[in-house]
Each structure stands twice: as structure tokens, then as C-alpha cells.
Amino acid sequence: MRRFIGKSTKFLGGNGRCFSQLAAHAQQHQNDLSIPRMPAFDYSPPPYTGPSAAEILQKRKEFLSPAMFYFYNDPIHVVDGKMQYLFDENGRRYLDGFGGIATVNCGHCHPDVVQAITNQIQKIQHSTILYLNHAITDFAEALASKFPGDLKVLFFTNSGTEANELAMMLARLYTGCHDIISLRNGYHGNAASTMGVTGQSCWKFNVVQTGVHHALNPDPYRGPFGSDGEKYAKDVQDLIDFGTTGHVAGFISEAIQGVGGIVELATGYLPAVYRIIRNAGGVCIADEVQAGFARTGSHFWSFEGQGVVPDIVTMAKGIGNGIPLGAVVTTPEIAKVLTRRNYYNTYGGNPVCTAAGLAVLKVLEKEKLQQNAHVVGSYLKDRLLALKDKHELIGDVRGKGFLLGVELVTDRKEKTPAKAETLHVMNQMKEMGVLVGKGGYHGNVFRITPPLCFTKDDADFLADVMDYTMSKM
Ligand SMILES: Cc1ncc(COP(=O)(O)O)c(C=O)c1O
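Every chain is numbered on its own, with residues counted from 1 as its sequence reads. Under the rules for a predicted model, residues below a pLDDT of 70 receive no local features and side-chain atom pairs below 80 are neither given nor counted, while totals for whole chains, interfaces and linings still include all residues.

Per an unreviewed UniProt entry, the protein goes by alanine--glyoxylate transaminase and derives from Dillenia turbinata. Here the protein is described in UniProt, under the heading Cofactor (unreviewed entry), as follows: "pyridoxal 5'-phosphate". UniProt positions are given in the numbering used here, feature names are shortened, and annotations may be inferred rather than shown by experiment. The UniProt entry for the protein carries the following text under Catalytic activity (unreviewed entry): "glyoxylate + L-alanine = glycine + pyruvate".

Enquirer: Report on the sheet that holds strand β6 (residues 153-157), specifying residues and quantitative values.
Expert: On the basis of which strands lie adjacent, the open sheet formed by seven strands has the order β6-β14-β13-β12-β9-β7-β8 and mixed pairing. This sheet does not close on itself; its edge strands, each paired only once, are β6 and β8 (212-215). Strand-to-strand twist across the sheet, computed as the mean angle between neighbouring axes with direction ignored, equals 20°. Here a strand pair is declared whenever DSSP counts at least two bridges between the two strands. Strands here mean DSSP runs of E at least two residues long; helices mean DSSP runs of H or I at least four residues long; both are numbered from the N terminus. Where strand β7 (residues 180-183) lies against strand β9 (residues 250-253), two bridges are found, and the strand directions are parallel. Under this scheme, a helix contributes an axis fitted over its contacting stretch, all axes are lines through C-alpha atoms, and angles between N-to-C directions fall in the 0 to 180 degree range.

Enquirer: Give a detailed account of the domain arrangement of the protein, specifying residues and quantitative values.
Expert: Note that the domain bounds reflect an automated or database-derived domain assignment. Taken domain by domain, the protein holds domain 1 (10-102 + 369-471) and domain 2 (111-366). Spacing between the C-alpha centres of domain 1 and domain 2 amounts to 28 Å. Opposite the 25 residues of domain 1 that make contact, domain 2 presents 24 residues. Among the elements that make up the side of domain 1 that touches domain 2, the one with the highest residue count is helix α12 (residues 369-390) (five residues). When residues are sorted by character, Ala, Val, Leu, Ile, Met, Phe, Trp, Tyr, Cys and Pro go into the nonpolar class, Asp, Glu, Lys and Arg into the charged class, and all the rest, Gly among them, into the polar class. Split by residue class, the side of domain 1 that touches domain 2 holds 10 nonpolar, nine polar and six charged. Throughout, a residue-residue contact means that the two C-beta atoms, derived from backbone geometry, are no farther apart than 7 Å.

Enquirer: So what about the site of the ligand? Which residues, and what values?
Expert: We call a residue near a molecule or strand when its C-beta atom, built from the backbone, sits within 6 Å of it. Of all residues adjacent to the ligand, which total 15 residues, the nearest are Ser159, Gly160, Thr161, Val289 and Gln290. A total of three residues in the shell around the ligand trace back to one element, the largest contributor, which is helix α6 (residues 160-175). Of the residues contributing to the shell around the ligand, the split by class is five nonpolar, eight polar and two charged.

Enquirer: An account of the sheet that holds strand β5 (residues 93-96) is needed here, citing residue identities and associated values.
Expert: Across the sheet, four strands lie side by side as β3-β4-β5-β18; this open sheet has mixed pairing. Two strands bound the open sheet, and with one partner strand each, they are β3 (78-82) and β18 (434-435). Summarising the sheet, β3 and strand β4 (residues 85-88) pair through four bridges and their orientation is antiparallel. The partner of Asp80 across the bridge, within β4, is Phe87.

Enquirer: How would you sum up unusual backbone geometry? Please name residues and give values.
Expert: Despite not being glycine, Tyr72 shows a phi value in the positive range, around 75°. The residue Tyr72 is located in the loop between α2 (53-63) and β3 in this model. Once C-beta atoms are placed from the backbone, each residue is buried if 20 or more other C-beta atoms lie within 10 Å of its own, exposed if 12 or fewer, and partly exposed for counts between those two. Judged by the 13 C-beta atoms lying within 10 Å of it, Tyr72 is partly exposed. Positive phi values are uncommon outside glycine, yet Lys317 reaches one of about 40°. For Lys317, the position within the fold is in the loop between β13 (312-315) and β14 (326-330). Given 27 C-beta atoms within 10 Å, Lys317 falls into the buried group.

Enquirer: Tell me what's going on with the packing of helix α8 (residues 229-243) against helix α9 (residues 269-279), and back it up with residues and numbers.
Expert: Two numbers describe how α8 lies on α9: the axes approach to 8 Å, and their chain directions differ by 25°. On the basis of their axis angle, the class for α8 and α9 is roughly parallel. As for how α8 packs across α9, the hand of that crossing is right-handed. Facing α8, whose interface residues are Gly229, Glu230, Tyr232, Ala233, Val236, Gln237 and Ile240, α9 presents Tyr269, Ala272, Val273 and Ile276. Of the residues belonging to the contact of α8 with α9, the class tally is eight nonpolar, two polar and one charged. What sets the label is the angle itself: under 35 degrees gives roughly parallel, over 145 gives roughly antiparallel, 65 to 115 gives roughly perpendicular, and the rest give oblique. Working rule for handedness: look at the near helix, and if it is turned counterclockwise from the far one by less than a right angle, call the crossing left-handed; if clockwise, right-handed.

Enquirer: So what's going on with the packing of helix α13 (residues 419-431) against helix α14 (residues 456-471)? Residues and values would help.
Expert: Closest axis-to-axis distance for the α13/α14 pair is 9 Å, and the angle between their directions is 125°. Overall, the two elements α13 and α14 adopt an arrangement that is oblique. Every pair of crossing elements has a handedness; the one defined by α13 and α14 is right-handed. For the pair α13 and α14, contact is made by Val425, Gln428 and Met429 and by Val465, Met466, Thr469 and Met470, respectively. Residue classes in the contact of α13 with α14 are distributed as five nonpolar, two polar and no charged.

Enquirer: Describe α13, and please don't skip the residues or the numbers.
Expert: Between its first and last C-alpha atoms α13 spans 19 Å; for 13 residues at 1.5 Å apiece the expected length is 18 Å, and the two agree. Most of α13 is tucked away: 10 of the 13 residues are buried. One less than the number of residues in a helix, times 1.5 Å, gives the span that helix is expected to have.

Enquirer: Please provide a residue-by-residue account of the environment of Gly399, values included.
Expert: With respect to the helices and strands, the residue Gly399 is situated in strand β15 (residues 394-400). What makes Gly399 buried here is the crowd of 27 C-beta atoms within 10 Å. Sequence-wise, Gly399 and Lys381 are 18 residues apart; in three dimensions their C-alpha atoms are separated by 8.0 Å. Discounting chain neighbours no more than four positions away, the residues touching Gly399 are Ile256, Ile262, Glu264, Lys381, Leu404 and Gly405.

Enquirer: Just give me the short version of the nonpolar core, but keep the residues and values in it.
Expert: Here a nonpolar core is just a set of buried residues of the types Ala, Val, Leu, Ile, Met, Phe, Trp, Tyr and Cys, joined wherever their C-beta atoms sit within 7 Å. Among the nonpolar cores identified, the biggest contains 121 residues, and Ala171, Val273, Ala327, Ala356 and Val434 are the most heavily contacted of them. Sort the elements by how many residues they give to this core and helix α11 (residues 351-366) lands first, with nine residues. Counting contributing residues per domain, this core is built from domain 1 (10-102 + 369-471) and domain 2 (111-366), each supplying no fewer than three. With residues up to four places along the chain from it excluded, the contact list for Val273 reads Ala233, Val236 and Phe251.

Below is the structure:
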């Protein structure tokens, strides 16, 4: 591989759009069989007549937060979506390997989900949970059936942040303690408590964040103890012994870190930590916002992969296929603490959102999407592992189902993050019609989290495009 030192040169293609040299090369060699071809798809969006990408960008700069950022040198302007594909303003089709950040589980604009939303919105869009409506109870009953043990009382929220804030408040009220232990490199949201437990400086502002202890991350690739989960768990006991009163409110973590760069917690970590936390009087919170809802394929919830049963589980993203919806599930005993005061959320459990949530559960089952995530996700992971054998740039391939990570390094021994190369490959893949996400503390991990309807042909196309792009570096 040639050492990559800068951005790709660009030129204007025939239709006025910007293409990279790589895409242009691919266009000029239409008959070259080595150039990956996108699988056929039977849908063309209607012509787009709205404002241009340039106009939107200009208005974004003028009217929206200056903190908003975007992917790609030329940000993609998405105007239409169907299942695992997105379309830009020129009708160009992209394979969506990111799924709106692991959110669009059933596929973009899945007809059953759209129909459920439409039916509900035509009846009653919103009243208040102070009145009765069956949409919320239908969904709560169906969702509760997906959990093990005594996890059967649901609270609905509008986002993952809200769900985690509520979960931590429940833990604090139930135990009478304040201290919460979370993991370095984890992400849990952007409000007061959730920013506190988040373990990456780039997502933390300089505001008061109390009662949080960040434990050593059980990261099999970069951590000091490799894949030995029990060794990392000892750090949690140390934090309790040396940093708290000896009692804690709880522990919160993902089982596979999403924003952190698809880091699968070392085997045996969660069972050991859950034991330690419960001995210190705390409760265990599983953040399933990104990894839940069948995405990992082998299980419906990612914590099941570690063989534990949490006391509280939080979810969002995939729960509504893109509708703003989050939830917390817990036991009747823990749930009771909220009866001490009034607790209320205007939109939480809104009929339109919960009707969508129920439709999502039905689609996951009807279309066997968990099984698809397992079978096609494993196939895609094997393809990516084969790319690791071929390209020195790939330091690690990890994850499960459709929650996969590809970490790029410039030096395999030193594990030096290949930040510029990651951006370059990501831009080039987009030019060739494939969208993937990116994460990890250094921004050098591809996050591959497509809609769960992704096919084997899609997996081949994604891997072929990554291979082609890296081969041209
Ligand atoms: C694991 C995890 N928890 C919580 C959140 C916060 O969710 P939201 O952005 O819906 O507030 C995210 C968002 O990316 C997440 O990945």
C-alpha cells in the first residue's frame, strides 16, 4: 500500500456533480469486471424538485447550530429512501451501510411501518397519557414479551438520552446512592447525567458531572488484558473500594460500544461486573440504544451475548425505525420508586410513535430480520476479515450481526490510528455508492450498521468497494 498523505483530487463529472478520480476511473472502465457493481433494485424515486444541496448547506450555516457537523467532503443530500438504499437529489442510489446510525432496522420507509403510522395519525395523533389509548398498551405488552426475568414495566421516552437519564434516576432513587460506574469509551447521551457517564472527552462539555467513575474499558483490541473480561472487572471493585462509600447506585454500559467504535466487551466481563455491583448494593443498567432490537443477530438484545440479566434496560434508535421513540424497562419493584412524586413525559408513549414501535416488532418477526442479521452479518464479517488479510491498513475487524467495525491503523504493531486514511476510504466508498459510518475515539473505525434487510449481494458489494478503494491507495 502506498502511504496515503492527503485528500483525493477532484474534478467535475459530465453532469456537473463532483466525482473523485476513483469513481471517474470506475466510470471510464465500465467493462472492467473488477469494478464492483451495485446489486439491482426495483425502485426509482420521483424526480426531486426541492432546493439544491448548496442552498441547504448555506441555510444550515446561517440558521442552524454551528456545532452541527457532517460526513464527507461533499455532504450527501438525501431526498428519498427505500429499504437498504438512499437516493440523492439527482436520483443516484447509495447502499446504506449506516442505517441512520443503527436506527433504520426494518429498512427505509418500510411499507408496514409507514402504514401503521399513517393509520394511527389519521385516527388520533396526540392527546395525553392522562387519557386512555390502546396504542401504548399494545406496544408495551409486545415489547415486555421480549425481555427475560422480571423486566416487564415500561416507561416511554423520546430519545436514548432521555431513556438513560431516567434509568440512572431510577437506580439512584431505588438504592439511595448517587455513585454510578460506567466505562471509558462508552457513549450514553448528551444531557447532564448521560454526559457524565459518557467516557470520551470529545462528547463532554465543561459542565458539572458528579458521582461518576469511569472504569477501564474491557477492549479486547486495545485494552491491557486482551479478551480476559474478569481481569478488567477487578477495576470496578477497585473503584468501589477506593472511590466511593462502598455502596453504589449502579453500573451502566453497552455490551458492544457503538459510538466508541464497535468495541465488544471482553468475554466474561459483564457477569463479573454485575456480581460486583450487586454486592455493593447497586443495580445494573444495559444500554441497548444502539445494539438492541435484533441488530447483533445472535440475540435480540446484545447483553444476552454475555449471558446476563440486567435490572434496567434502555433502548431507542431501532425501536422506532426512525420515529423519535425511546424506552426504559425495569422490574415492578424498581419501577415503584417513581410513585414517590409525579413523573410525566408529554410525548413519551405518543400513539403515533408506539404504533410505529409495534409495527417494527411485527416486521422484525415477519421478515426474520434477526436471523438475517446473523446470517448475512456473519458472512459480511468473514468478507471483512479476508480484507484484513489482504490490506495492512486494517488492524481489526469486530462486532456481531449488523453491528460491525473495521479499525484502520498505519502500523499494526503500534496500532497507530489511521485517521486520514479512514476519511479518504470513506469518501471514496461514497463516490462508489456505499455509505458507512465512522467512530471510535480517534475516528478511525468504520461502523457498519445497515438496515437489517441488507442482503448477501449488498454485503458483497460493500466489501468489494472497500477492497477496490483500498487497493487503489
Ligand atoms: C449507546 C447509546 N446510548 C445513548 C445514545 C443517545 O441516544 P439519543 O441520541 O437518541 O439521545 C446513543 C446515541 O448514539 C447511543 O449510541
